[in-house]
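Descriptive structure summary
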Amino acid sequence: GVLQACVAYGTNITSIHFIEYKFESVNKLLEEGHVILAFLAFYFYQLFFAMIAGICVWIQPISGGSGIPEVKCYLNGIDLPK
């Protein structure tokens, strides 16, 4: 429980820093007048985030969903195969 909370907290903080860095760098490019570069930077940041999510789903396919059906099954006493 505690380890899972620490991992979730670390993941949350890391994603916040990545998102802030993304918007700061794109905003800086826009202020300098580089609209195309700002668009490309934003596009590749989003592509990078999507690749990370895709790798997580590739490693553990159950992570691709919302988790609500799995939690409902667990609460009803049904053991889902992995």
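Residues numbered from 1 in each chain as written. Predicted model: local features only at pLDDT ≥ 70, side-chain atom pairs only at ≥ 80, totals over all residues. Heavy atoms only, no water.

This next bit is on the packing of aromatic side chains. The description of two aromatic rings rests on the distance between their centres and on the angle between their planes. Tallied over the full model, the rule gives six aromatic pairs. When the ring of Phe-18 is compared with that of Phe-49, the centres are 6.4 Å apart and the planes differ by 55 degrees; the resulting orientation is tilted. One end of the pair, Phe-18, is in helix H1 (residues 2–31); the other, Phe-49, is in helix H2 (residues 35–59), and 31 residues separate them in sequence. Ring geometry for Phe-39 and Tyr-43: centres 6.4 Å apart, planes at 20 degrees, overall stacked. Linking Phe-39 with Tyr-43, this pair stays in helix H2, spanning four residues, or about one helical turn. Its relative accessible area of 55% is what places Phe-39 among the exposed residues. Over the face of the ring belonging to Phe-23 we find Lys-22, whose NZ or CZ atom lies 4.5 Å from the ring centre. (Phe/Tyr/Trp six-rings, centres within 6.5 Å; stacked < 30°, edge-to-face > 60°. Helix = DSSP H or I, 4+ residues; strand = E, 2+ residues; numbered from the N terminus. Buried < 20%, exposed > 50% of the residue type's maximum accessible area, 1.4 Å probe, protein only. Lys NZ or Arg CZ within 6 Å of the ring centre and 35° of its normal.)

One way to put it is that H1 packs onto H2 with a least axis distance of 8 Å and a crossing angle of 165 degrees. Judged on the interaxial angle alone, H2 and H1 are roughly antiparallel. Read as a crossing pair, H1 and H2 show a hand that is right-handed. Between H1 and H2, the contacting residues are Phe-18, Tyr-21, Lys-22, Phe-23, Ser-25, Val-26, Leu-29 and Leu-30 on the first element and Val-35, Leu-37, Ala-38, Ala-41, Phe-42, Tyr-45, Gln-46 and Phe-49 on the second. Counted by class, the contact of H1 with H2 contains 13 nonpolar, two polar and one charged residues. (Axes fitted to C-alpha atoms, helices over the stretch in contact; angles between N-to-C directions. Parallel < 35°, antiparallel > 145°, perpendicular 65-115°, else oblique. Left-handed = near helix turned anticlockwise from the far one by under 90°. Contact = heavy atoms within 4.5 Å. Nonpolar A, V, L, I, M, F, W, Y, C, P; charged D, E, K, R; others polar.)

This paragraph deals with a nonpolar patch on the surface. Where nonpolar side chains cluster on the molecular surface, the patch consists of Ile-36, Leu-37, Phe-39, Leu-40, Tyr-43, Phe-44, Leu-47 and Met-51 and spans about 830 Å² of accessible area. Looking at the element boundaries, Leu-37 is found in helix H2. On the basis of relative accessibility, which here comes to 46%, the residue Leu-37 falls in the partly exposed class. (Patch = residues over 30% accessible without salt bridge, like charges linked within 9 Å, V, L, I, M, F, W, Y side chains within 5 Å. Areas by Shrake-Rupley, 256 points an atom, 1.4 Å probe, with all protein chains shown as cover. Salt bridge = Lys/Arg side-chain N within 4 Å of Asp/Glu carboxyl O.)

What follows is about helix H3 (residues 68–75). The element H3 is largely exposed, with a buried count of zero among its eight residues. Downstream of H3 by a residue or two, Gly-77 has a phi angle that is positive, lying close to 85 degrees.

Glancing now at the side chain of Ser-25. Its place among the elements puts Ser-25 in helix H1. Within the structure, Ser-25 has its side chain in polar contact with the backbone oxygen of Lys-22 (distance 3.0 Å). In this structure the side chain of Ser-25 is engaged in a polar contact, spanning 3.2 Å, whose partner is the side chain of Tyr-45. (Polar contact = N/O pair within 3.5 Å; in protein donor to acceptor, adjacent residues only side chain to side chain.)

Turning our eyes to something else, we now look at the side chain of Lys-22. Mapped onto the elements of the fold, Lys-22 is located in helix H1. Side chain to side chain, Lys-22 and Gln-46 meet in a polar contact 2.6 Å long. Aside from chain neighbours lying at most four places away, what touches Lys-22 is Phe-42, Tyr-45, Gln-46 and Phe-49.

Nothing here speaks to function; it is geometry throughout.
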